[in-house]
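# Structure at a glance
Residue strings, one per chain:
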Amino acid sequence: MTSEAPRSPESIYLDHAAATPLSPEVAAAMESVREEGFANPSSPHAAGRRARRLLDDARDRIACLVGHDLGPGVGLVFTSGATEANRLGVLGLASGSRGRVLTSPRDHSSLGAAARDLAARGWDSVLMPLLADGTLGLCSLPAADGTSEIMCVTLVCSQSGTREDTDRIAGWRDDAGRDPLIHVDATQAIFNAEASTPFGLPPGLAATLALAPHKFGGPRGIGCLLVRRDVALVPVTPGTQERGLRGGTEAVALAVGFARAVELAVAERGVVARRLAQLRDRFEARLAGVAAALGVAIRVIGADAVRAPHISTIAFPGRDRQAVVMATDLEGVWCATGTACASGSSEPARALVAMGLPEADVQAAVRFSLGTRTTAVDIDAAVDRLARVLSRMAAPRDG
Ligand code: PLP
């Protein structure tokens, strides 16, 4: 079950925000339950009960390690990933026939899709603006028409790497003084050296929180929605499993791998976050140095903002981002033009547009994302190869 990290002296993987290699410890944990936990956890016989115990143990471990961001007694619904958890979070909170849902260009497309579904049901859907530092521009809004108001908060933006200011969010009320129900997408947010809890959320802020382990050494095909104790959730895929909140036979080995990945990430998150931040700073400083030597202007997106340590989005104004990514691919450096689900799209990253960056920066922005196995040797080699790419590429269109 062990998958090798896609890196060798020839290749440098800098696309961890899209997916990380499976950690060997996680693979071993999954392998250890492959036989023991194969049965359907809903089956009443001994094999089923054994699978159920493994599943519920994984659930309890994850809820215990990351649940205190939502308060005591948090519930946890396993899903297929963060896309489904986002959808369940937003649609599950939307109990009334009318209400208001707030999303922003920081969000993953799954949150926008859920908001569109609510709009089709007659809800008001508001796209909040972004400030220049990439955080939410909290506008004044009249009282929501209906019983519910749901605000989506993406803790770390996968396009810019900027971290949301959750204290400011906690202070936001609509003009009638009402608190919204807050759905948090924490998918890119586990490495945070500053916070005392894994996500550093003000107590009671989040009603629901989405997470997926394949962003930090865990398996793909599983995610979860944490649900605050006082919150009633409406299922999106009804069924008897997951206490009626998500139908479908649960993936026991994936859940066990998820729990192990969370244990490792939470135990090491401060150390890893500081190491990644140092590597990111080294990458940006060295790249700025070689670019200056070549007479090429580059800009680090969100350089002055609070950022997650693993994402560095760099604009190469005058260069085409797809061309940069293709040329670096040929050099064995694997990076991205934006989120993996949108890569290949000719649309620029929405968050960068909404931050009010110059068009030339938005069109030329490339995302480099680091992981726990990235080393200083990788970073230096990546910069050397980028220098070759930049020196080979045609002069800027406008230069
Ligand atoms: N939310 C954020 C912030 C993401 O970066 C991603 C994936 O990149 C997702 C949600 C979707 O995650 P998944 O691929 O597990 O569905």
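The rules behind the values
Residues numbered from 1 in each chain as written. Predicted model: local features only at pLDDT ≥ 70, side-chain atom pairs only at ≥ 80, totals over all residues. Heavy atoms only, no water. Helix = DSSP H or I, 4+ residues; strand = E, 2+ residues; numbered from the N terminus. Rg over C-alpha atoms; globule rule 2.2 N^0.38 Å. Buried < 20%, exposed > 50% of the residue type's maximum accessible area, 1.4 Å probe, protein only. Near = heavy atom within 4 Å. Polar contact = N/O pair within 3.5 Å; in protein donor to acceptor, adjacent residues only side chain to side chain. Areas by Shrake-Rupley, 256 points an atom, 1.4 Å probe, with all protein chains shown as cover. Pairing = 2+ DSSP bridges. Axes fitted to C-alpha atoms, helices over the stretch in contact; angles between N-to-C directions. Contact = heavy atoms within 4.5 Å. Parallel < 35°, antiparallel > 145°, perpendicular 65-115°, else oblique. Left-handed = near helix turned anticlockwise from the far one by under 90°. Nonpolar A, V, L, I, M, F, W, Y, C, P; charged D, E, K, R; others polar. Domains from an automatic or database assignment. Buried area = accessible area lost by both parts, 1.4 Å probe. Arc of directions from axis to C-beta.

## With respect to the overall build of the protein
The number of helices and strands found in the protein is ten helices and twelve strands. A compact globule built from 399 residues would reach a C-alpha radius of gyration of about 21 Å, and the protein, at 21 Å, matches this within 12%. Once the C-alpha set of the protein is aligned to its principal axes, its extents read approximately 65 × 55 × 35 Å. Per-residue burial over the protein gives 58% buried out of 399 residues.

## Structural notes on the site of the ligand
With respect to spatial proximity, 13 residues lie near the ligand, and among them Thr 83, Asp 185, Gln 188, His 214 and Lys 215 are the closest. Here an oxygen atom of the ligand and a side-chain polar atom of Thr 83 are 2.6 Å apart. The side chain of Lys 215 places a nitrogen or oxygen atom 2.7 Å from an oxygen atom of the ligand. Burial of the ligand by the surrounding chains reaches 87%, relative to a free accessible area of 400 Å². Looking at the shell around the ligand, the element that brings in the most residues is helix H3 (residues 82-93), giving three residues.

## A closer look at the sheet that holds strand S2 (residues 75-79)
Pairing is mixed across the open sheet formed by seven strands, whose spatial order is S2-S8-S7-S6-S5-S3-S4. Edge positions in the open sheet fall to S2 and strand S4 (124-127), since each of these has one partner strand only. When the angles between neighbouring strand axes are averaged without regard to direction, this sheet yields 15°. Contacts between helix H4 (residues 109-120) and the sheet are confined to strand S3 (99-103), S4, strand S5 (148-154) and strand S6 (181-185), with S3 contributing the most and set at about 160° to the helix.

## Remarks on the packing of helix H6 (residues 252-294) against helix H10 (residues 376-392)
Viewed as axis vectors pointing N to C, H6 and H10 meet at an angle of 25°, and their least axial separation amounts to 9 Å. Looking at the two axes, H6 sits roughly parallel to H10. Crossing hand, H6 versus H10: right-handed. Where H6 approaches H10, its residues Leu 279, Arg 282, Phe 283, Arg 286, Leu 287, Val 290 and Leu 294 are matched on the opposing element by Ala 376, Ile 379, Asp 380, Val 383, Leu 386, Ala 387, Leu 390 and Ser 391. Tallied by class, residues from the contact of H6 with H10 come to eleven nonpolar, one polar and three charged.

## Digging into the packing of helix H2 (residues 46-66) against H6
Relative orientation of the contacting elements H2 and H6 amounts to 25°, with a least axis distance of 9 Å. Considering their axes alone, H2 and H6 lie roughly parallel with respect to each other. With respect to the hand of their crossing, H2 and H6 are arranged in left-handed fashion. Of the residues in H6, those touching H2 at Ala 51, Leu 54, Leu 55, Ala 58, Arg 61, Ile 62, Leu 65 and Val 66 are Val 252, Ala 255, Val 256, Phe 258, Ala 259, Arg 260, Val 262, Glu 263 and Val 266. Grouping the amino acids of the contact of H2 with H6 by side-chain chemistry returns 14 nonpolar, no polar and three charged.

## So, the domain arrangement of the protein
The parts lose accessible area when they come together, and the size of an interface is often stated as this lost area. Per the domain assignment, the segments of the protein are domain 1 (12-20 + 269-393) and domain 2 (24-265). Using only C-alpha atoms to locate each centre, domain 1 and domain 2 end up separated by 28 Å. Across the contact, 32 residues belong to domain 1 and 37 residues belong to domain 2. Here domain 1 meets domain 2 over a buried area of about 2,500 Å², counting both sides, of which 55% is carbon and sulfur.

## Brief notes about helix H1 (residues 24-32)
Of all the positions in H1, only Val 26, Ala 27, Ala 29 and Met 30 are classed as buried. Buried residues of H1, viewed axially, fall in a sector of 160°; they line one side. Buried positions along H1 lie against H6.

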